[in-house]
Amino acid sequence: MAKKGHKSRKGVGEFYDEVKVDTLLSLTPTARESLDQQAKSIGISRSEVVERLARGLIAPPGTVPLSKEERLRAC
């Protein structure tokens, strides 16, 4: 997803210091619908929801997000 007013360029990271790679992810229809709902509510793509979940930037639905200090202690 391009930043507003900027065109995406292949091979150039926009939000992170690295470029995303294509990854196949198999989900149940229920999980995909949940992912779609999360993406729509935040206004981002499914791919970006997965990215942010994996980076600990957003919490999975139904959980309480960890503080920055708690995330650092977990590493």
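About the criteria used
- Residues numbered from 1 in each chain as written.
- Predicted model: local features only at pLDDT ≥ 70, side-chain atom pairs only at ≥ 80, totals over all residues.
- Heavy atoms only, no water.
- Helix = DSSP H or I, 4+ residues; strand = E, 2+ residues; numbered from the N terminus.
- Buried < 20%, exposed > 50% of the residue type's maximum accessible area, 1.4 Å probe, protein only.
- Contact = heavy atoms within 4.5 Å.
- Areas by Shrake-Rupley, 256 points an atom, 1.4 Å probe, with all protein chains shown as cover.
- Polar contact = N/O pair within 3.5 Å; in protein donor to acceptor, adjacent residues only side chain to side chain.

**Q** Is there a simple way to think about the overall build of the protein in this case?
**A** Within the protein, the secondary structure is distributed over three helices and zero strands. Starting at the N terminus and walking to the C terminus, you meet the elements of the protein as α-α-α. The proportion of buried residues among the 75 residues of the protein is 11%. In the protein, of all internal contacts separated by at least 6 residues, the share reaching a separation of at least 24 is 30%. Of the roughly 6600 Å² that the protein leaves accessible, carbon and sulfur atoms contribute 56%.

**Q** Where do I start with the side chain of Glu48 in this structure?
**A** When you line up the elements, Glu48 lands in helix H2 (residues 46-55). The class for Glu48 is buried, based on a relative accessible area of 6%. Reaching out from Glu48, the side chain makes a polar contact with the side chain of Lys20 at a distance of 2.8 Å. Beyond its immediate chain neighbours, meaning those up to four positions away, Glu48 contacts Tyr16 and Lys20.

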